[in-house]
Amino acid sequence: MRPVIPYVTAALLFGLGVYGVLRRRNAVLVLMSVELMLNAVNLILVTADTTARAVLPHSGQVFALFVIVLAAAEIGVGLAIVLQLYRLRATVAVDDVPLTESPDPVAGREPAVLNSEAGR
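Each chain carries its own residue numbering, running from 1 in the direction its sequence is written. Per-residue local features of the predicted model are confined to residues with pLDDT of at least 70, and side-chain atom pairs are confined, for both listing and counting, to 80 or more; whole-chain, interface and lining totals are unaffected and use all residues. By convention in this description, side-chain values take in all heavy atoms of the structure and omit both hydrogens and water.

S.K.: Run through a nonpolar patch on the surface, naming residues and quoting values.
M.R.: To count toward a patch, a residue needs a relative accessible area over 30% and no salt bridge; like charges are then connected within 9 Å, while nonpolar side chains (Val, Leu, Ile, Met, Phe, Trp, Tyr) are connected within 5 Å. Note on areas: Shrake-Rupley, 1.4 Å probe, and residue coverage restricted to the protein chains presented here. Salt bridge criterion: a side-chain nitrogen from Lys or Arg within 4 Å of a carboxyl oxygen from Asp or Glu. Among the surface-exposed residues, Phe-14, Val-18, Leu-22 and Val-41 lie close enough to one another that they form a single nonpolar patch of about 330 Å² accessible area. In terms of residues, the nonpolar patch owes the most to one element, helix H1 (residues 4-23), which gives three residues. Checked against the element boundaries, Phe-14 lands in helix H1. Secondary structure follows DSSP: runs of H or I at least 4 residues long count as helices, runs of E at least 2 residues long count as strands, and numbering of each begins at the N terminus.

S.K.: If you had to explain the pattern of salt bridges to someone new, which residues and values would you point to?
M.R.: Scanning the model with the defined rule gives one salt bridge in all. Note that Asp-95 is salt-bridged to Arg-25, the shortest N-O span being 2.5 Å. One end of the pair, Asp-95, is in the loop between helix H3 (59-89) and helix H4 (111-118); the other, Arg-25, is in the loop between H1 and helix H2 (27-51), and 70 residues separate them in sequence. Here Asp-95 and Arg-25 have matching classes, each one exposed. Three exposure classes are used, based on accessible area relative to the maximum for each residue type with a 1.4 Å probe and protein chains only: buried under 20%, partly exposed in between, and exposed over 50%.

S.K.: Summarise the environment of Arg-24; cite the residues concerned and give the values.
M.R.: Tracing the backbone through its elements, the reader meets Arg-24 in the loop between H1 and H2. For Arg-24, a relative accessible area of 45% translates into the label partly exposed. Distance in space between the C-alpha atoms of Arg-24 and Ala-93 is 8.9 Å, their sequence separation being 69 residues. Contacts between residues were defined by any pair of non-hydrogen atoms, one from each residue, lying within 4.5 Å. If sequence neighbours within four positions are ignored, Arg-24 has contacts with Tyr-19, Leu-29 and Val-30.

S.K.: Requested: an account of the packing of H2 against H3, with residues and values cited.
M.R.: Where H2 contacts H3, the two axes come as close as 8 Å, and the packing angle between them is 175°. The angle between the axes of H2 and H3 places the two elements in the roughly antiparallel class. Among the residues making up the contact of H2 with H3, the classes are represented as 15 nonpolar, five polar and three charged. All axes here are fitted lines through C-alpha atoms, helices being fitted over the stretch that makes contact, and every angle between N-to-C directions spans 0 to 180 degrees. Relative orientations are named as follows: roughly parallel for angles under 35 degrees, roughly antiparallel for angles over 145 degrees, roughly perpendicular for angles from 65 to 115 degrees, and oblique for any other angle. Three classes are used, and their members are as follows: Ala, Val, Leu, Ile, Met, Phe, Trp, Tyr, Cys and Pro are nonpolar, Asp, Glu, Lys and Arg are charged, and the others, Gly among them, are polar.

Okay, structure coming up:
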């Protein structure tokens, strides 16, 4: 088997995943793009394991198995975060997510609440 075809396929999959991460605004589609990139890495690991005989036999396949386990954990945690974000904000758009919180806890309160607390 020529290793060029799987390497080119993996490069195309990885490029498609990077494009999806950079251009998508939906958090679920961003997670799917990350999965595409991880699968491209798995394809490279397995192809390298079959074409280049390493000192450790089947080491690429073992690393691919570890990547699959990490991808499953990432999807579990990522989907939990996305569901919580949807419950709080009613949207899963990545652009609408605030990256920083206000350092002042009083800044989020309304002026009427501040005036009633000042009179006490």
